[in-house]
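Given next are the chains, with one letter for each unit.
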Amino acid sequence: MASGLGGALMHSFGLAALVIGASIAFAAGGVVLGRWAIRKHVAAFHNEVLISLFAAAGIVYAILLGFLVVVVWESYDDAHRNVAEEAATLVSLYRLTYGMDAAHGAEMRGFIRDYTDAVIEDEWPRLGSDVAGRERARKAIGNIDREFAKMDAATKAADAQVHIEFLHIKSAIIADRNERLQEASDTIPWVMWFGAVGGGVIVMAMSFFIYMERAWPHVLMTGLMGALVGMLLYIMIVLSTPFSGPLAIGPEHFQAALQVMDDDDRGN
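Per chain, residues are indexed from 1 in the order of the written sequence. Per-residue local features are limited, in this predicted model, to residues with pLDDT of at least 70; the limit for side-chain atom pairs, both in listing and counting, is 80 or more; totals at the level of whole chains, interfaces and linings are taken over all residues. By convention in this description, side-chain values take in all heavy atoms of the structure and omit both hydrogens and water.

## Topic: the overall build of the protein
When its secondary structure is counted, the protein shows nine helices and zero strands. Each helix corresponds to a stretch of at least 4 residues labelled H or I by DSSP, and each strand to a stretch of at least 2 residues labelled E; elements are numbered beginning at the N terminus. Ordered by position from N to C terminus, the α and β elements of the protein give α-α-α-α-α-α-α-α-α. For the radius of gyration, the atoms used are the C-alpha atoms, and the globule rule reads 2.2 Å times the number of residues raised to 0.38. Over its C-alpha atoms the protein spans a radius of gyration of 27 Å, topping by over 25% the 18 Å that the globule rule assigns to 268 residues. Across the 268 residues of the protein, 40% fall into the buried class. By definition in these notes, contact holds between two residues if any of their heavy atoms fall within 4.5 Å. When contacts within the protein are restricted to residue pairs at least 6 apart in sequence, those whose partners lie at least 24 apart make up 82%. Accessibility throughout is a Shrake-Rupley quantity obtained with a 1.4 Å probe, and a residue counts as covered only by protein chains that appear here. Summed over its atoms, the accessible surface of the protein is roughly 14700 Å², and 67% of this surface lies on carbon and sulfur atoms. Taking the average place of the 20 positive charges on the side chains of the protein and the average place of its 30 negative ones, the gap between the two points comes to 8 Å. Burial status follows relative accessibility: with a 1.4 Å probe on protein chains alone, a residue under 20% of its type maximum counts as buried, one over 50% as exposed, and anything between as partly exposed. Charged residues are defined here as Lys and Arg on the positive side and Asp and Glu on the negative side; His and the ends of the chain fall outside this count. The atoms used to mark charge sites are NZ of Lys, CZ of Arg, CG of Asp and CD of Glu.

## Some words on the nonpolar core
Take the buried Ala, Val, Leu, Ile, Met, Phe, Trp, Tyr and Cys residues and link them wherever side-chain atoms come within 4.5 Å; each set so joined is a nonpolar core. Formed by 57 residues in total, the largest nonpolar core has its most connected members in Tyr115, Trp124, Phe166, Met236, Phe243 and Phe254. Residue assignment for this core shows that the elements contributing at least two residues are helix H1 (2-38), helix H2 (46-96), helix H3 (102-123), helix H4 (135-150), helix H6 (160-185), helix H7 (190-207), helix H8 (215-239) and helix H9 (252-265). Per-element tally for this core: the top contributor is H2, with 15 residues. Not counting residues within four places of it along the chain, the set of residues in contact with Tyr115 comprises Glu86, Leu90, Ala137, Ala140, Ile141, Ile173, Arg177 and Arg180.

## Overview of the packing of H2 against H6
Two elements in contact, H2 and H6, have axes whose closest approach is 9 Å; the angle formed by their N-to-C orientations is 155°. The pairing of H2 with H6 is recorded here as roughly antiparallel in orientation. Crossing geometry of H2 relative to H6 is assigned as left-handed. Seen from H2, the contacting residues are Asp78, Ala79, Asn82, Val83, Glu85, Glu86, Thr89, Leu90, Ser92, Leu93 and Leu96; seen from H6, they are Val162, Glu165, Phe166, Ile169, Lys170, Ala172, Ile173, Asp176, Arg177, Glu179, Arg180 and Glu183. Here the residues of the contact of H2 with H6 sort into 10 nonpolar, three polar and 10 charged. Angles shown run from 0 to 180 degrees and are taken between the N-to-C directions of axes, each axis being a line fitted to C-alpha atoms and, for helices, limited to the stretch in contact. With respect to orientation, any angle under 35 degrees is reported as roughly parallel, any angle over 145 as roughly antiparallel, any angle of 65 to 115 as roughly perpendicular, and every other angle as oblique. Helix crossings fall into two classes, left-handed where the near helix is turned counterclockwise from the far one by less than a right angle and right-handed where it is turned clockwise. Side-chain classes follow a simple rule in which Ala, Val, Leu, Ile, Met, Phe, Trp, Tyr, Cys and Pro form the nonpolar group, Asp, Glu, Lys and Arg form the charged group, and the remainder, Gly included, forms the polar group.

## What about the confidence of the model for the protein?
A low pLDDT score tells you not to read the predicted coordinates there in detail. When pLDDT is averaged along the protein, the result is 86; 91% of the residues meet or exceed 70. The predictor attaches a confidence to each residue, called pLDDT, with possible values from 0 through 100. Counting contacts from residues 1-5, a segment whose pLDDT is below 50, to residues more than four positions away or on other chains yields zero contacts.

## With respect to H4
By definition here, a helix of n residues has an expected span of 1.5 Å times n minus one. Spanning 16 residues, H4 covers 22 Å between terminal C-alpha atoms, matching the ideal 22 Å at 1.5 Å per step. When H4 is considered as a whole, its buried residues turn out to be Ala137, Ala140, Ile141, Gly142, Asn143, Ile144, Glu147 and Phe148.

## A word on the environment of Gly105
Here Gly105 is to be found in helix H3. For the pair Gly105 and Arg95, spaced 10 residues apart in sequence, the C-alpha to C-alpha distance is 9.5 Å. In contact with Gly105, other than residues within four places in its own chain, are Thr97 and Met100.

## Here's the deal with the environment of Leu96
Mapped onto the fold, Leu96 is located in helix H2. When the C-alpha positions of Leu96 and Glu165 are compared, they lie 8.1 Å apart, and in sequence the two are 69 residues distant.

## A word on the packing of H7 against H8
Relative placement of two packed helices is described by the angle separating their axes and the distance separating the axes. Contact geometry for H7 and H8: axes closest at 10 Å, N-to-C directions at 175°. Here H7 is positioned roughly antiparallel relative to H8, judged by the angle of their axes. Contact with H7, carried on its side by Trp193, Ala196, Val197, Gly200, Val203, Met204 and Ser207, involves His218, Thr222, Met225, Gly226, Val229, Leu233, Met236 and Ile237 of H8 and no other residues of that element. Its residues placed into classes, the contact of H7 with H8 shows 10 nonpolar, five polar and no charged.

So, in structure tokens, the structure goes:
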């Protein structure tokens, strides 16, 4: 576990260094080449025109990149919230079984536990690569449906409210599961990456043609701008995959749900 976490962190740091470093290198290197290319062509009011254009482009790109980061963050947050809701709803479903016939209730609790274990052990390591989910989890849901169908009409009528609520909560769990599987396989559309990366290249390239008397402040400030662009692009990359990477959402909510189920069985 520790080695896996260490490997993920090293991969994260390596990716951050690559993205941010490439942005800085492009920005700083472009300034050096730009100064050499335009040195003999600088005229009066050269910077006044370019800076106004650069500022306008920078504002447009800042709005675009800020919007994209917020969209990706909201998608990540929705995935986290959906996982927590699915796990919490499993606990509610588990507790409802105590209001059923003893034999059927015990069977239901076993199937709910099977489903929770299957999500943790089978589905979680493969989230993103298996859109349909794992067979063990699907089978556990099917077993719940089949056990419910075995109940006779008199039993269902005696505890009608419990059974209606049970079906309602089970449907919510299935919906949350389908949403989790979909969120794990979703990717950011290529057009969003085109706008984020292409916009950054254009804005940084525009700064190459601004001329300053001293080279090092120009290189430094443009390099810092490249670092900022690279940092935001890295944030987008990390948040775009909610179930993998350094900020991956783990199965802790489902593990906590199993602990609550144990407490309920002990009467706590």
